[in-house]
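What follows is the residue order along each chain.
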Amino acid sequence: MELLKELVEAAAVPGREHRMRELVRERVASLVDEVRVDALGSVIAIRKPRPSKGKPAKQPTRVMLAAHMDQIGFLVKYVDERGFIRLNPVGGFDTRNLFARLVTVCPDLKDPAKDLPGVLNPAGKPIHIASDEDRKKVPDIEEFVVDLGLPGDEVRKQVKIGDMVVLRSALIEVGATAVSQCLDNRVACWIVLRALEQLEHHDCEVQAVFTVQEEVGLRGAGTAAYELQPDIGIAVDTTLCVDTPGVPNEQRVTEQGAGAGLTVMDSASIADVDVLDAFEQVAKKKKIKHQRSILARGGTDAGTMQRAGRGRRTMTLSCPTRYIHTVTEMVHLDDLYACRDLLAGYLEQV
Ligand SMILES: [Zn+2]
């Protein structure tokens with residue numbers, strides 16, 4: 001839990017992944033043979049084959065893993081005379097989840113000591129004085145305002161257009177689950193780091209990539225795959241888990257606690273059937289809980305990884321997540337561990 005806590009606390013929105021990049025570089029260094037950062041800012045960590053016997057193959061199968069480091073958030077768009085801040089979203093928000101939130105404004109990309117706490121609310125009247133019509137309205141993101149509780153000239157001195165803003169909530173354990181903002185996709189960074197730790201012998205070359213700008217169009221994974229030219233690409237990400245009241249069973253996508261998700265297809269890619277089959281074989285052999293799923297809308301890094309350059313076989317290993325893209329994203333610990341074990345098991349035999 002300590003590693004996951006550290007990962008959710010490092011603010012990183014698309015194009016502003018500096019803090020996550022430093023943390024990931026530090027954590028992955030001892031697990032791989034080589035670490036570098038590409039032009040867009042993705043961290044590329046290469047682990048050469050470590051066969052159990054004999055020499056490594058001259059041309060080992062190259063398996064790229066993609067775990068995106070960015071989270072949905074905002075960039076400061078405007079600061080008015082009185083110090084109220086307007087936002088531009090980076091990533092998809094449902095504004096119904098943004099009322100009365102605590103936020104963090106980050107004037108310095110690298111230094112969290114300069115972060116400013118703030119509150120986020122829609123402009124307009126509170127319920128006591130709002131008309132019946134006003135109360136029914138769901139405001140657009142443009143209508144939300146950050147209040148830093150400071151005079152206007154003080155805010156303007158410290159905050160500039162383009163500064164990163166993230167929602168604030170700490171990681172807590174709730175029953176058998178972990179709850180926090182941005183478990184999408186810090187759980188995948190956790191899964192990849194822990195799987196590398198667990199992995200002993202493997203004939204393949206592992207190209208672990210912690211990608212940037214996934215939430216604004218799967219951008220970092222495509223350029224990294226173009227450079228690395230892997231044979232197989234595995235995206236690791238969260239997926240919808242709507243096995244909750246008010247949603248019919250056939251629309252739940254995954255079930256919490258039922259194991260690692262194997263995404264058959266989403267709107268960005270269709271999983272390679274042989275890769276999907278290989279994952280299922282490993283899961284059966286090692287008795288790891290797993291479930292197939294289809295996501296009608298939404299995609300992962302597998303989409304751009306699959307098509308970069310000459311293309312490759314891909315699949316998404318997904319961690320079922322309730323209340324996704326809210327500050328109460330919820331992941332069952334059994335599912336988290338199943339994803340880790342299944343990823344390590346797959347890499348061992350490919
Ligand atoms: Zn994600």
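Scroll up a little and you will see the structure.
Now for a quick tour of the structure. (Residues numbered from 1 in each chain as written. Predicted model: local features only at pLDDT ≥ 70, side-chain atom pairs only at ≥ 80, totals over all residues. Heavy atoms only, no water.)

The next point concerns a nonpolar patch on the surface. A contiguous nonpolar surface patch, about 280 Å² in accessible area, is contributed by M265, I270 and I294. Tracing the backbone through its elements, the reader meets M265 in strand β14 (residues 260-265). (Patch = residues over 30% accessible without salt bridge, like charges linked within 9 Å, V, L, I, M, F, W, Y side chains within 5 Å. Areas by Shrake-Rupley, 256 points an atom, 1.4 Å probe, with all protein chains shown as cover. Salt bridge = Lys/Arg side-chain N within 4 Å of Asp/Glu carboxyl O. Helix = DSSP H or I, 4+ residues; strand = E, 2+ residues; numbered from the N terminus.)

If you walk across this open sheet you meet the 3 strands as β10-β11-β17, and the pairing is antiparallel. Every interior strand has two partners, whereas the edge strands, β10 (172-174) and β17 (329-332), have only one. Across the sheet, the mean angle from the axis of one strand to that of its neighbour is 35 degrees, orientation sign disregarded. Judged from the 3 bridges that link them, β10 and strand β11 (residues 177-180) form a sheet pairing that is antiparallel. Among the inter-strand pairings, I172 is bridged to a residue of β11, identified as V179. In the packing of helix α5 (residues 183-198) onto the sheet, the strands contacted are β11 and β17, and the crossing angle to β17 comes to about 30 degrees. (Pairing = 2+ DSSP bridges. Axes fitted to C-alpha atoms, helices over the stretch in contact; angles between N-to-C directions. Contact = heavy atoms within 4.5 Å.)

Once that is clear, we can look at the coordination of the zinc ion. Coordination of the zinc ion by the protein comes from H68 (NE2), D184 (OD) and D237 (OD), over a distance range of 2.0 to 2.3 Å. Counting gaps between the donor residues of the zinc ion yields the pattern H-x115-D-x52-D. With D184 in helix α5 and D237 in strand β13 (residues 232-240), the pair connects residues that are 53 residues apart, well separated along the chain. Of the two residues, D184 and D237, neither departs from the other in class, the shared state being buried. (Donors = N, O, S within 2.8 Å, 3.2 Å for Na, K, Ca; no water. Buried < 20%, exposed > 50% of the residue type's maximum accessible area, 1.4 Å probe, protein only.)

Let's shift gears to unusual backbone geometry. The omega torsion of the bond from D184 to N185 falls at 20 degrees, within 30 degrees of zero and hence cis. Here N185 is to be found in helix α5. Located in the positive-phi region is A100, a residue other than glycine, with phi close to 55 degrees. Within the secondary structure layout, A100 lies in the loop between β5 (85-90) and β6 (101-106). Exposure remark for A100: the relative accessible area of 59% places this residue in the exposed category. Backbone geometry at L218 places phi at a positive 55 degrees, although glycine is not the residue there. Structurally, L218 is set in the loop between β12 (205-211) and α6 (219-228). On the accessibility criterion, L218 (13% relative accessible area) is buried.

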